[in-house]
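Structural features, examined
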Amino acid sequence: MPKVLGLQIDIAWQDRDANHALVHRLLENRSIEPGSLLVLPEMFDVGFTMKSAIANDEPERRTHSFCSALARKTKSAVLAGFARTNANGRVANVATFFDESGNEIARYEKTHPFSIAGENLHYAAGDGPVVFEWKGIKIAPLICYDLRFPELFRRATKAGAELFLVIANWPAARIEHWTTLARARAIENLAYVVAVNRCGSDPKLSYPGRSQIVDPKGNILADAGESAGVISAEIDVELVRTWRREFPVLGDMKLI
């Protein structure tokens, strides 16, 4: 059973070098089992800025290189949120998955940019979930505001998703929504949800963290609280499959 680690950090505003260093400091004294999965928050390298030109990791790809090197160093997979140019030449808010060798094997573009903050004016929207396999587990990454749209999770579940990785910059004002919706998405899809938020503050908002790992029955396996730190839990994909057989509600699922 692979172990997943959620890295809850206080993101330094628009400062890649500082945030890369924060990740290293958070992990420097921690023993990481090879074959684990490290999950970093949405736009972990610069914060939730609407200055997409600053956020864009292209063309230097410094954050891409950092994540690839982190995967190789820890001999673990890495799921990280940062901005990059998409296939249409627009900047997108993405979650990128690197395997233990540092190779990019999946990329998800945020389907629902947070229009209330004008994110949709600065970042391109993706066109739906991405489901891929790692260590025999079907994984679907999603980003922040996506958590409010259960139909997106249903589409991923229909495609076989067993583990959802939700990365975010979710503010304090709505933190109860974050914790409640993470459990709801796990319960209704009979799947693990690893929900990794940031903590601290940026020039506009404060973020209380509360990163969580939730099992397919809605049990909270780990909660990071409000400070920077690392949460972890083992992912038992057989628990997902057994529960889905014993309680086969997904067979009645209808995507309307």
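Refer to the structure above for everything that follows.
Procedures and definitions
Residues numbered from 1 in each chain as written. Predicted model: local features only at pLDDT ≥ 70, side-chain atom pairs only at ≥ 80, totals over all residues. Heavy atoms only, no water. Helix = DSSP H or I, 4+ residues; strand = E, 2+ residues; numbered from the N terminus. Rg over C-alpha atoms; globule rule 2.2 N^0.38 Å. Buried < 20%, exposed > 50% of the residue type's maximum accessible area, 1.4 Å probe, protein only. Contact = heavy atoms within 4.5 Å. Areas by Shrake-Rupley, 256 points an atom, 1.4 Å probe, with all protein chains shown as cover. Lys, Arg positive; Asp, Glu negative; His and termini not counted. Charge placed at Lys NZ, Arg CZ, Asp CG, Glu CD. Core = buried A, V, L, I, M, F, W, Y, C linked by side-chain atoms within 4.5 Å. Arc of directions from axis to C-beta. Pairing = 2+ DSSP bridges. Axes fitted to C-alpha atoms, helices over the stretch in contact; angles between N-to-C directions. Expected span 1.5 Å × (residues − 1).

Turning next to the overall build of the protein chain. For the protein chain, the count of helices and strands is 7 helices and 14 strands. For the protein chain, the C-alpha radius of gyration of 17 Å lies close to 18 Å, the compact-globule estimate for 256 residues. The buried share among the 256 residues of the protein chain stands at 55%. Counted over contacts in the protein chain with a minimum sequence separation of 6, partners at least 24 positions apart contribute 67%. If you sum the accessible surface of the protein chain, you get close to 10,700 Å²; carbon and sulfur atoms cover 49% of it. Separation between the mean location of the 31 positive side-chain charges and that of the 31 negative ones in the protein chain comes to 2 Å.

Judged by nonpolar contacts, the single largest core of 48 residues is most densely connected at L37, V39, F97, L163, F164, L165 and V166. Beyond its immediate sequence surroundings of up to four residues, L37 is in contact with K3, V4, L5, S76, A77, V78, L79, F97, W134, L163 and L165. I9, I32, F44 and L70 belong to the second largest nonpolar core, which has 18 residues in total.

Moving on to helix α5 (residues 150-158). Listing the buried residues of α5 in full gives L152, F153, A156 and T157. Along α5, the residues classed as buried sweep out an arc of 140° about the axis, all on the same side. Its buried side turned inward, α5 meets β5 (104-109), β7 (137-143), β8 (163-167), α6 (175-189) and α7 (237-246). Residue G160 follows α5 closely and has a positive phi angle near 110°.

Mapped onto the secondary structure, H24 falls in helix α1 (residues 16-27). Separated by 20 residues in sequence, H24 and F44 place their C-alpha atoms 13 Å apart.

What follows deals with the sheet that holds strand β12 (residues 212-214). One open sheet accounts for 6 strands, arranged β6-β7-β8-β9-β12-β13; its pairing is mixed. At either margin of the open sheet sits one strand with a lone partner, and together these are β6 (132-134) and β13 (220-223). Strand-to-strand twist across the sheet, computed as the mean angle between neighbouring axes with direction ignored, equals 20°. Judged from the 3 bridges that link them, β12 and β13 form a sheet pairing that is antiparallel. Across the sheet, the residue bridging to V214 is I220, located in β13. Lying over the sheet, α6 contacts β8, β9 (192-196), β12 and β13, oriented at roughly 160° with respect to β9.

Take unusual backbone geometry next. In this chain, E58 is followed by P59 through a cis amide linkage whose omega measures 0°. Along the chain, the position of P59 falls in the loop between α2 (52-55) and α3 (62-74). Phi is positive for M43, close to 45°, though the residue is something other than glycine. Assignment of secondary structure puts M43 in the loop between β2 (37-39) and α2. In this model, C144 sits at a positive phi of 45°, which is unusual for a non-glycine residue. Looking at the element boundaries, C144 is found in the loop between β7 and α5.

Attention shifts here to α6. The end-to-end C-alpha distance of α6, which contains 15 residues, comes to 21 Å, matching closely the 21 Å that a straight helix rising 1.5 Å per residue would cover. Every buried residue belonging to α6 is among I175, W178, T179, L181, A182, R185, A186 and N189, and all of these are buried. Where α6 is buried, its residues meet α5, β8, β9, β11 (206-208), β12 and α7. A positive backbone phi angle near 50° is found at L190, which sits one or two residues after α6.

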